[in-house]
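Chain and residue survey
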Amino acid sequence: MQMSGNTILITGGGSGIGRGLAEAFHAEGNQVIIAGRRKEQLASTVEAHPGMKAAQLDIADPDSIRSFAEDIKREHPGLNVVIHNAGISRIESVRSADTAAAEAMVATNLLGPIRLNAALLPAVEKQPDPVVMTVSSGLAMVPLSLAPTYCATKAAIHSYTQSLRYQLKDSTVQVIEIIPPYVQTELGGPQQATDPNAMPLKDFIAEVMQILKASPDATEVSVERVKALRFAEAGGRYDTFFKQFNDSALARQNLAVGESAKAR
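All of the points below concern the structure found in this document. (Residues numbered from 1 in each chain as written. Predicted model: local features only at pLDDT ≥ 70, side-chain atom pairs only at ≥ 80, totals over all residues. Heavy atoms only, no water.)

**Some points on the overall build of the protein**
To be explicit about the condition: Think of it this way: any DSSP run of H or I at least four residues long counts as a helix, any run of E at least two long counts as a strand, and we number them from the N terminus. With the radius of gyration taken over C-alpha atoms, the globule rule is written as 2.2 Å times the number of residues to the power 0.38. Only protein chains enter the calculation, and the probe is 1.4 Å; a residue is then buried if its accessible area is under 20% of its type maximum, exposed if over 50%, and partly exposed in between. Method for areas: the Shrake-Rupley scheme with a 1.4 Å probe, in which residue coverage is limited to the protein chains shown. Counted as positive: Lys and Arg. Counted as negative: Asp and Glu, with His and the chain ends omitted from the count. In plain terms, the charge of a residue is placed at NZ if it is Lys, CZ if Arg, CG if Asp and CD if Glu.
Tallying secondary structure elements over the protein gives 8 helices and 7 strands in all. In terms of overall dimensions, the protein is globule-like: its C-alpha atoms have a radius of gyration of 18 Å, near the 18 Å expected for 264 residues. The proportion of buried residues among the 264 residues of the protein is 45%. Entry remark: accessible area of the protein is about 13,200 Å², with carbon and sulfur atoms responsible for 52%. Looking at charge distribution, the protein has the averaged site of its 25 positive side-chain charges lying 2 Å from that of its 28 negative ones.

Here it is, written out as structure tokens:
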């Protein structure tokens, strides 16, 4: 991947990993366009980085994606990099009869990138140095049972990215998957942004950019903190790792619930 001189679209670019990537690529000398639902977050990000552009997009809405894609192609005809980052996460009980949260995650995390890719890929692949980048998760490899649908959507993005890369193998399009660990963002709620168990966002972004610079032909970007999840199955101890990982997560959640109850 060329690290400068690109026109880059980043969905979910107003906060979290999306904003971190937008700021990093902007600093490298790229034209960055951030997209998302929340107008105030987009505005504050652009205001802090002169030259950056923003556009509203409801990634869960097929009509919004279609009109957004037409606008982007018209206003930014040199678009050559798309980073599919937008996502939502919810804790769920599989015993619940209410599937609204699950359906929202599928629409946002999986169907959104697929629809946007379908709308933009024909134009992107005509450009020099075209790149399609997805953001999956270490939880695509070892699911967190507390968030079953979120993990399933990220596993699907991991699979989709591999198929996308293979189908485009005879083109000039580079397909890259970023696989984050647990990062200090508000994806799982405000408490995640300060959770000491999570990787600081600045450290994550810095390591991602370092990997992209050092390995311009990379197909996956896995920081050190995610490798235990990414290669859990390869180690031959997947079942043990899965149980320990989920037992630990459940214990932390129960502790947090207990402390919250005491505070009330």
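Picking up after the structure, the text goes on.
**A short note on the side chain of Asp-195**
Stated precisely, the cut-off is as follows: Salt-bridge detection follows one rule: a side-chain nitrogen of Lys or Arg within 4 Å of a carboxyl oxygen of Asp or Glu. We call two residues contacting when some pair of their heavy atoms lies within 4.5 Å.
Topologically, Asp-195 is positioned in the loop between β6 (174-178) and α6 (201-214). We note that Asp-195 is buried and unpaired, the nearest opposite charge coming from Arg-252 at a distance of 5.7 Å. Not counting residues up to four positions away in its chain, the partners in contact with Asp-195 are Tyr-182 and Gln-184.

**Examining α6**
Note that an α-helix has 3.6 residues per turn; residues three or four places apart therefore point the same way. What counts, and what does not: How far a helix is expected to stretch is found by multiplying one less than its residue total by 1.5 Å.
End to end, α6 covers 20 Å across 14 residues, agreeing with the expected 20 Å (1.5 Å per residue, within 8%). Looking only at α6, the buried set comprises Phe-204, Ile-205, Glu-207, Val-208, Met-209, Ile-211 and Leu-212. The inward-facing, buried residues of α6 abut α1 (16-27), β5 (131-135), β6 and β7 (220-221).

**What about the pairing of strand β4 (residues 81-84)?**
The side chains of a regular strand alternate between the sheet's two faces. Put simply, the rule reads: If DSSP finds at least two bridges between two strands, the strands pair. If the strands point away from the viewer and the path from the first strand over the helix to the second runs clockwise, then the crossover is right-handed.
Side-chain alternation along β4 places Val-81 and Ile-83 on one buried face and Val-82 and His-84 on a second face that is also buried. Taken together, the 3 bridges between strand β1 (residues 7-11) and β4 define a ladder with parallel strand orientation. Paired with Leu-9 across the bridge in β4 is Val-82. Of the pairings in the sheet, the one linking β4 to β5 comprises 4 bridges and is parallel in character. Residue pairing for β5: Val-82 is matched across the bridge by Val-132. Crossover handedness for the path β4 to helix α4 (residues 100-124) to β5: right-handed.

**A word on the packing of α4 against helix α5 (residues 148-167)**
The line we're drawing: Every axis in this analysis is a line fitted to C-alpha atoms, fitted for helices over the stretch in contact. Angles between the N-to-C directions lie between 0 and 180 degrees. Should an angle fall under 35 degrees it is called roughly parallel, over 145 degrees roughly antiparallel, and 65 to 115 degrees roughly perpendicular, with every other angle called oblique. Crossing chirality is assigned from the near helix's rotation relative to the far helix, an anticlockwise turn below a right angle marking it left-handed and a clockwise turn marking it right-handed. Lys, Arg, Asp and Glu make up the charged group, whereas Ala, Val, Leu, Ile, Met, Phe, Trp, Tyr, Cys and Pro make up the nonpolar group; the residues left over, Gly among them, are polar.
Interaxial distance between α4 and α5 falls to 9 Å at its minimum, and their mutual angle equals 15°. Considered as vectors, α4 and α5 are oriented roughly parallel to each other. Crossing of α4 against α5: the hand is right-handed. Residues Ala-102, Met-105, Val-106, Asn-109, Leu-110, Pro-113, Ile-114 and Asn-117 of α4 form the contact with α5, whose own contacting residues are Thr-149, Tyr-150, Thr-153, Ala-156, Ile-157, Tyr-160 and Leu-164. Classifying every residue of the contact of α4 with α5 by side-chain character gives 11 nonpolar, 4 polar and no charged.

**A look at the environment of Asn-197**
Considering the arrangement of structural elements, one finds Asn-197 in the loop between β6 and α6. Assessed through its relative accessible area of 45%, Asn-197 is described here as partly exposed. Separated by 189 residues in the primary sequence, Asn-197 and Ile-8 have C-alpha atoms spaced 31 Å apart. Sequence-distant contacts of Asn-197, defined by excluding residues within four places in its chain, comprise Tyr-182, Arg-225 and Arg-252.

**Some words on the nonpolar core**
Just so we agree on the cut-off: Among buried residues, those of type Ala, Val, Leu, Ile, Met, Phe, Trp, Tyr and Cys that are joined through side-chain atoms within 4.5 Å constitute a nonpolar core.
Membership of the largest hydrophobic core comes to 37 residues, with the highest contact counts inside it found for Leu-21, Phe-25, Ile-83, Phe-204 and Leu-212. Here this core gets 6 residues from one element, more than from any other, and that element is α6. Those residues within four positions of Leu-21 in sequence are excluded, and the remaining contacts are Ile-10, Ile-83, Ile-178, Ile-205 and Val-208. Within the second largest apolar cluster, 16 residues are counted, among which are Ile-33, Ile-65, Ala-69 and Leu-79.

**Describing the pattern of salt bridges**
In total, this model carries 11 salt bridges according to the counting rule given. The shortest N-O distance in the salt bridge between Glu-70 and Lys-73 comes to 3.1 Å. Residue Glu-70 and its partner Lys-73 are both found in helix α3 (residues 62-75); the two are separated by 3 residues, about one turn of the helix. You can call Glu-70 partly exposed: its relative accessible area is 45%. Under the relative-accessibility criterion, Lys-73 is labelled partly exposed at 28%.

**Here we look at α5**
Its 20 residues place the ends of α5 29 Å apart at the C-alpha level, agreeing with the 28 Å of an ideal helix rising 1.5 Å per residue. Every buried residue of α5 is listed here: Thr-149, Tyr-150, Cys-151, Thr-153, Lys-154, Ile-157, His-158, Thr-161 and Leu-164. Packing partners of the buried residues in α5 comprise α4, β5, β6, β7 and α7 (227-230).

**A short note on unusual backbone geometry**
Unusually for a residue other than glycine, Asp-129 sits at a positive phi of about 55°. Relative to the assigned elements, Asp-129 resides in the loop between α4 and β5.

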